[in-house]
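# A closer look at the structure
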Amino acid sequence: MTALRPNTTPPPPSAPNKHAEQWVAQIAKMTQPDSIVWCDGSREEKKRLTELAVSTGVLHPLNPEKRPGCYLSRSNPNDVARVEHLTFICTPTKEEAGPTNNWMAPKEAYDKLAKLFEGSMKGKTMYVVPYIMGPIGSPFSKVGVEITDSVYVVLNMRIMTRMGQVAWDMLGESNDFNRGLHSTLDLDPNKRFICHFPEDNTIWSCGSGYGGNVLLGKKCLALRIGSYLGKKEGWLAEHMLILGIESPDGQISYVAAAFPSACGKTNFAMMIPPRRFEGWRIWTVGDDIAWMRVGSDGRLWAVNPENGYFGVAPGTNHKSNPNAMKTMEKDSLFTNVALTKDNDVWWEEMDGEVPEELTDWQGRPWKKGSTEKAAHPNSRFTAPATNNPSISRESDNPNGVPISAIIFGGRRATTIPLVLQSFNWAHGVYLGAMLGSETTAAATGKVGVLRRDPMAMLPFCGYNMGDYFAHWLSMRHKITYPPKIFLVNWFRKDEDGKFLWPGYGENMRVLKWIVDRAFVRIGGRETAVGWVPREGDIDLSGLDITAETFKKATDINVDEWKTELDNQQEFFDLIGPTMPEPLRLQRDLLRAMLK
Ligand code: GTP
Ligand code: SPV
Ligand code: MN
């Protein structure tokens, strides 16, 4: 470590992994920080870094009576969401990254970014953040080390992952860890790049300070690198929540569900069943990512690699998601929400009256009735999973939980019914692969545009999408007891643009049918597109919905489906020759069935 500057904190005596030390020295030589801090994940460290963040204006302390241990952070207005157009998969060939990813040759990317990283930490502190994705001691789990010059990143990673000494303990002397490098630079969007090097298990991210761009364990490692490793090693890394549904007799079944960004995963994972379902409970295992493997018993088992939630704030209130509201009562970080007079947080659709005056997400005065949003539509809370009243007691189980049903869902104003069960695995993979959804504020770009978002993985698949579909199809041969696959849509609208289905906690009614179908406990009706609930199969008692509205929400409209199939052509053309033949045939078969 002699190459480092005098005021460098040496690695803790119990920590050193010689590979990490060498790599840190190499990165320090390039980025030239004033000092290096090896993070240990301790409470003392959290206190020290939080104080530093407050004194430097990175964090704003919130009202300690109302929100103990909570802080607000405002990002640069040009840096408020994932940037898909600046996200690259750097495989040796373009074909490996596939037609849905941006690609850069590894050498070109390393050279280009090295120029930006050169001296980028001058005058700054470099933090070395060791972390585990997955439960401690689990065969699913992976170690990552993120080097960053952002104290905001360190404090978020501390909530989102199992961070600190535990990671060095798990790593031991191994060289098998993800190397993540992040530098904020000057937030010039022209110097913003998120580059993944799957072959090197490496991520380089620069020019952003926001969420999925910089918390490298999340989308970058757990999904993009994770999916690449999953393909290589025979498992699945998915953009899925995991929940347990407990019946009044104490049986718990588990499902995993993929909805695109800002399409309802956190809400579904924390759902509180309506009064009609007395005695039923929902347990949250994860709200964003699932790593799934075939167990020795022939079932599919899932773990949540994360340890906290980076959830969408707007729309969250005590009615839509009471558990989320409880989860963020303490020890949470808020990004780009609005601030009340008494130093608490606020966002659109929060409970109660809209305050007369606020400070908006950019720190500007805001008045009730303003046409501008007070909180950014992609403003978020970062909260520890252990704060969640509905956290599953299996969350830390190294073996994960057995999955009985897989659900795909998008934000679709038309065509897609409230719920649909696939005929079999290949048909389910087809439905997932064709998932369409209207874009949201979770990524920069236009909102509300319909696009294909296969398995909700369009921005997160670390290799060729056609090969990813083939991998999904091939899993069938490995799973003796495959989960049943379903499609849902909470977002279908009537002619006036109003949602047909009340959603949120009422989604329990749909989930109940799904789980009953998975265990062959309830009937259904076979249609050309899949199995749907018969009249009366979904319990609607206590719900304010007319029979006609429910019919519209669940309707299979042949003309709309024909249009849907025509629209899929563009996606088939995009994927091209790597599109697996069985998926082409599924589409042909469906077209024939619709005649
Ligand atoms: P990411 O964290 O970006 O991956 O998002 P997510 O999939 O976890 O979405 P989340 O649960 O945070 O919900 C996003 C938005 O959808 C919020 O504004 C919710 O209020 C809204 N939403 C969630 N569930 C429902 C539902 O069942 N019906 C309707 N109409 N809106 C919903
Ligand atoms: C998503 O966009 O799917 C998120 C938020 O979960 S981010 O971490 O920014 O990717
Ligand atoms: Mn997500």
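The preceding data block contains the structure.
Now for a quick tour of the structure.

## Some points on the nonpolar core
Note on soluble globular proteins: their nonpolar side chains tend to be buried together. Counting residues in hydrophobic clusters, the biggest one holds 91 residues, and the most contacted among them are Met292, Ile406, Phe408, Phe469 and Trp472. With seven residues, the single largest contributor to this core is helix 8 (residues 217-233). Not counting residues within four places of it along the chain, the set of residues in contact with methionine 292 comprises Phe140, Trp235, Leu236, Glu238, Met240, Ala256, Leu300, Trp301, Ala302, Ile403 and Ile406.

## A short note on the packing of aromatic side chains
By the definition in use, this model includes 23 aromatic pairs. Cluster of aromatic residues (ring-pair linked, three or more members): Tyr110, Phe117, Phe197 and Trp204. Its end group placed over the ring of phenylalanine 140, arginine 293 keeps NZ or CZ at 5.3 Å from the ring centre. The ring of tryptophan 531 is capped by arginine 517, whose NZ or CZ atom sits 4.9 Å from the centre of that ring.

## Focus on the pairing of strand 13 (residues 240-246)
When a strand is regular, its side chains alternate between the sheet's two faces. The buried fraction of strand 13 is high, at seven of seven residues. A two-sided burial pattern is seen for strand 13, the buried positions comprising Met240, Ile242, Gly244 and Glu246 on one face and Leu241, Leu243 and Ile245 on the other. Sheet analysis places strand 13 next to strand 14 (residues 252-258), joined by seven bridges and oriented antiparallel. Residue pairing across strands places glycine 244 opposite tyrosine 254, the latter belonging to strand 14. Linking strand 13 to strand 14, which pair antiparallel, is a turn of five residues; within it glycine 250 sits at a positive phi near 90°. Taken together, the five bridges between strand 13 and strand 15 (residues 281-286) define a ladder with antiparallel strand orientation. In the sheet register, isoleucine 245 faces strand 15, and the bridge partner there is isoleucine 282.

## Quick notes on the sheet that holds strand 3 (residues 71-73)
Strand order in the open sheet formed by five strands is 2-3-19-24-18, and the pairing between neighbours is mixed. A single partner strand is all that each edge strand has here, and the edge strands are strand 2 (60-61) and strand 18 (308-312). Summarising the sheet, strand 2 and strand 3 pair through two bridges and their orientation is antiparallel. Along strand 3, the bridge assignment pairs histidine 60 with leucine 72.

The rules behind each value
- Sequence positions are assigned chain by chain, starting from 1 and proceeding in written order.
- Chains and ligands are labelled sequentially in the order written, the chains with letters from A and the ligands with numbers from 1.
- Where local features are concerned, this predicted model is filtered to residues with pLDDT of at least 70; where side-chain atom pairs are given and counted, the filter is 80 or more; whole-chain, interface and lining totals use all residues.
- Remark: hydrogens and water are excluded; side-chain values derive from all non-hydrogen atoms of the structure.
- Nonpolar cores are built from buried Ala, Val, Leu, Ile, Met, Phe, Trp, Tyr and Cys residues. Side-chain atoms within 4.5 Å join them into one set.
- Partly exposed residues are those whose accessible area sits between 20% and 50% of the maximum for their type, while under 20% is buried and over 50% is exposed, using a 1.4 Å probe and protein chains only.
- To qualify as a helix, a DSSP run of H or I must reach at least 4 residues; to qualify as a strand, a run of E must reach at least 2; elements of each kind are numbered from the N terminus.
- In what follows, residue pairs with any heavy atoms lying within 4.5 Å of each other are defined as contacts.
- Two rings belonging to Phe, Tyr or Trp (six-membered ring only in the last case) form a pair when the distance between their centres is within 6.5 Å. Interplanar angles under 30 degrees mark stacking, angles over 60 mark edge-to-face geometry, and anything in between is tilted.
- Put simply, a charge is over a ring when the Lys NZ or the Arg CZ is close to the ring centre, within 6 Å, and near the line of the ring normal, within 35 degrees.
- Two strands qualify as a pair provided DSSP detects at least 2 bridges between them.

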